[in-house]
Amino acid sequence: TSKPSEGSFKHPKGLYVLFTAEMWERFSYYGMRAILILFMTTDVAFEGLGLTTETAGAVYGLYTASVYLMTLPGGWLADNIFGQKKAVFYGGVLIMIGHLVLAIPGSPIIFFTGLAFVALGTGLLKGNISTLVGELYSKDSGAKRDAGFSIFYMGINLGSFLGQIFVPLLAEYNWHLGFGLAAVGMLFGLIAFKVYSPKYLAEIGVEPKVKSAGEEKTSSNSSITIFIIAIVLISLFLLQFLGYIDVTTATGIAQALGLIIVLITMGYFINILFNGGLNIIEKKQVGVIFILFVGIAIFWSGFEQAASSLNLFARDFTDRFIGGWEMPAGMLQSVNSAFIIIFAPIIGALWVKLAARNINIRTPLKFALGLILLGAGFWVMVGAANVAASGTKAGMFALILTYFLHSIGELTISPVGLSATSKLSPAKYLGQMMGIWFVGAALGNLIAGLIGGNFDPENVLEMPNIFLNVVWVSVGAGIIFLVAGPFIKKWMGDVN
Ligand code: GLN
């Protein structure tokens, strides 16, 4: 395929088409996410769904996890049937329909149908639009390609920022106006994509890859697959039978999905290590990908509580008055995107500056830093929760400081982990390993929902403890990365 208009300084125009489409998609996704748990836990008398916090947390986890899990079949469909371009467009249509359904006031059934549409559509859109960004550049345009992705990440966060401001504002008047605005956002994205992609994306992402590339097939061993499925089913049956989970409740389904993700991912890695036809160096590198997967899942399980437990904390225990105006709780979600927009270039420049002085902070240390920053953010929340437990509302400053620490953590861990995963992966498993990256996000989101479900506004005294546990887990994981760093580095070989 030809790479349109790749001048020496200018980015291909297609980048701005993808930027705009993704900006509006994220406007709808994060805008809606900012009001999701608030809507679900609001009393029916105030036009909410009236779910318990526990159920709402589980639904939040199941929904956000599905969004990321669906990128696996979404990528497969694009590679094998639609091509990326059509997949992105159809995905956008499904997302818009989903938000329109959410805009219909009505029963939980209508609501869950809307969520399912958004999850399916995002599965088709999110991964494939990033693949298209990569395809705009030739393989050897390393630094420029990275710069392209940084610009794209700005689009993501600009959309998130605006969505998290305007959707919660409208939702103050009426929930369904908020959901409707998310649909309008996606409509803008679709229009931009439809109008400009024929010209500026040209042939990129039109043909499904499998037809054009004739890539080496990866084998999967059917007896191992059956074995893994059997283990999953037996474990679920035992847990249900012994009463540890109850799959007739949303929480039980979320716990079961968490277990399924963990077991299947472990089985997948074991299979690749023993039957993947890899040499010893590649095996070590795949081992590192697994370690990074665990790290990123732990990171998101804290970070993604932004729209579960931290959102509830903003609503119930935070003084949100600015002068005489009370800021809607969901609007505080926009703080993360604002910090990302401000600090992404600064952190990027920092790594470059340090490298120029021969200080190379390698991946394991960045993971350690990210996890410790996550823990530090929750440490602030322990303090805020103690204030709330004593009967006064916490200041907005606490959440803003927490989001600041989390945003710097995100910048330290997320882009680095993604790029390390792609470099560590044996070529023939690249697609699957990128999929594993999204599975890490799915698992993290799921756990974030389940933890958020424990956040009982009636039982304020428990709150500091919930946050404290997150501190221990994330700081503990950070320390493990710190200590294991030298070994991980050896296994990474020539990948930095
Ligand atoms: N905020 C980023 C995005 O929406 C990353 C989210 C994630 O990977 N969990 O693309």
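Residues numbered from 1 in each chain as written. Predicted model: local features only at pLDDT ≥ 70, side-chain atom pairs only at ≥ 80, totals over all residues.

As recorded in an unreviewed UniProt entry, the protein goes by the name MFS transporter, listed as coming from Maribacter algicola. Among the UniProt annotations of the protein, the heading Sequence similarities (unreviewed entry) holds the following wording: "Belongs to the major facilitator superfamily. Proton-dependent oligopeptide transporter (POT/PTR) (TC 2.A.17) family." (UniProt positions renumbered as here; feature names shortened; annotations may be inferred.)

Peer 1: Describe the overall build of the protein, and please don't skip the residues or the numbers.
Peer 2: Within the protein, the regular secondary structure consists of 17 helices and four strands. For the protein, the spread of C-alpha atoms along the principal axes amounts to about 60 × 50 × 50 Å. Buried positions account for 49% of the 496 residues belonging to the protein. (Helix = DSSP H or I, 4+ residues; strand = E, 2+ residues; numbered from the N terminus. Buried ≥ 20, exposed ≤ 12 C-beta atoms within 10 Å, placed from the backbone.)

Peer 1: Which residues make up the environment of Ala183, and what values go with them?
Peer 2: Counting through the fold element by element, Ala183 comes out in helix α7 (residues 175-200). Given 21 C-beta atoms within a 10 Å radius, Ala183 is considered buried. For the pair Ala183 and Val67, spaced 116 residues apart in the sequence, the C-alpha separation amounts to 17 Å. Excluding residues within four positions of it along the chain, Ala183 makes contact with Ser28, Met96, His99, Leu100 and Ala103. (Contact = placed C-beta atoms within 7 Å.)

Peer 1: Account for the site of the ligand, with residues named and values stated.
Peer 2: Contacts to the ligand come from Arg26, Ile156, Trp300 and Ala441. In the shell around the ligand, the residues fall into three nonpolar, no polar and one charged. (Near = placed C-beta within 6 Å. Nonpolar A, V, L, I, M, F, W, Y, C, P; charged D, E, K, R; others polar.)

Peer 1: Let's hear about the packing of helix α10 (residues 250-275) against helix α11 (residues 280-303): which residues, and what values?
Peer 2: A packed helix pair is summarised by two numbers, namely the angle formed by the two axes and the spacing between the axes. Relative to each other, α10 and α11 sit at 170°, their axes nearing to 10 Å. The angle between α10 and α11 places the two elements in the roughly antiparallel class. Where α10 approaches α11, its residues Thr265, Phe269, Ile272 and Leu273 are matched on the opposing element by Lys283, Val286, Phe290 and Phe293. Across the contact of α10 with α11, the residue classes break down as six nonpolar, one polar and one charged. (Axes fitted to C-alpha atoms, helices over the stretch in contact; angles between N-to-C directions. Parallel < 35°, antiparallel > 145°, perpendicular 65-115°, else oblique.)

Peer 1: Go over the nonpolar core, please, and point to the residues and values.
Peer 2: By size, the foremost hydrophobic cluster in this structure holds 147 residues, and its most contacted members are Leu18, Ile35, Leu62, Leu371, Ala442 and Leu446. Considering each element in turn, this core owes the most residues, 18 residues, to helix α1 (residues 14-41). With residues near it in sequence (within four places) discarded, Leu18 still touches Ile129, Leu132, Val133 and Phe152. (Core = buried A, V, L, I, M, F, W, Y, C linked by C-beta atoms within 7 Å.)

Peer 1: Would you mind going over the environment of Phe188 in detail, with residue names and values included?
Peer 2: Here Phe188 is to be found in helix α7. You can call Phe188 partly exposed: it has 17 C-beta atoms within 10 Å. The spacing of Phe188 and Glu25 is 163 residues in sequence and 8.8 Å in space, taken between C-alpha atoms.

Peer 1: Tell me about unusual backbone geometry, residues and numbers included.
Peer 2: For Glu47, which is not glycine, the phi torsion reads 65° and is therefore positive. C-beta crowding within 10 Å serves as the criterion here: with 13 such atoms nearby, Glu47 is assigned to the partly exposed category. With a phi close to 45°, Ala202 is a non-glycine residue in the positive phi region. Looking at Ala202, the number of C-beta atoms within 10 Å reads 17, which means it is partly exposed.

Peer 1: Give me helix α17 (residues 463-492): which residues, what numbers.
Peer 2: In α17, a bend of some 60° at Gly485 exceeds every other bend along the element, and Pro486, a proline, comes one to four places later. Taken residue by residue, α17 has Met463, Ile466, Phe467, Val470, Val471, Ser474, Ala477, Gly478, Phe481, Ile488 and Met492 as its buried positions. Lining the buried residues of α17 we find α11, α12 (309-317), α14 (363-389), α15 (396-424) and α16 (430-453). (Bend = angle between axes of the 7 residues up to and from the residue.)

Peer 1: So what's going on with the packing of α1 against α7? Which residues, and what values?
Peer 2: Their axes nearest at 8 Å, the elements α1 and α7 cross at an angle of 165°. Our classification of the angle between α1 and α7 gives roughly antiparallel. In the crossing of α1 with α7, the sense of the turn from one axis to the other is left-handed. In terms of residue class, the contact of α1 with α7 is built from 18 nonpolar, eight polar and one charged. (Left-handed = near helix turned anticlockwise from the far one by under 90°.)

Peer 1: Could you give me a rundown of helix α3 (residues 71-82), with the residues and numbers involved?
Peer 2: The end-to-end C-alpha distance of α3 is 14 Å, clearly below the 16 Å that twelve residues give at a rise of 1.5 Å each. If you check which residues of α3 are buried, you get Thr71, Gly74, Gly75, Leu77, Ala78, Asp79 and Phe82. Positive phi appears at Gly83, one or two residues downstream of α3, with a value of about 80°. (Expected span 1.5 Å × (residues − 1).)

Peer 1: Hey, could you go over the environment of Phe487 for me, with residue numbers and the actual values?
Peer 2: Its location among the elements puts Phe487 in helix α17. Residue classification places Phe487 among the partly exposed residues on the basis of 13 C-beta atoms within 10 Å.

Peer 1: With reference to specific residues and values, describe the confidence of the model for the protein.
Peer 2: Put simply, the protein has an average pLDDT of 92, and 96% of its residues get 70 or more. Reported for the predicted complex are a pTM of 0.93 and an ipTM of 0.95. (pLDDT = per-residue confidence, 0-100.)

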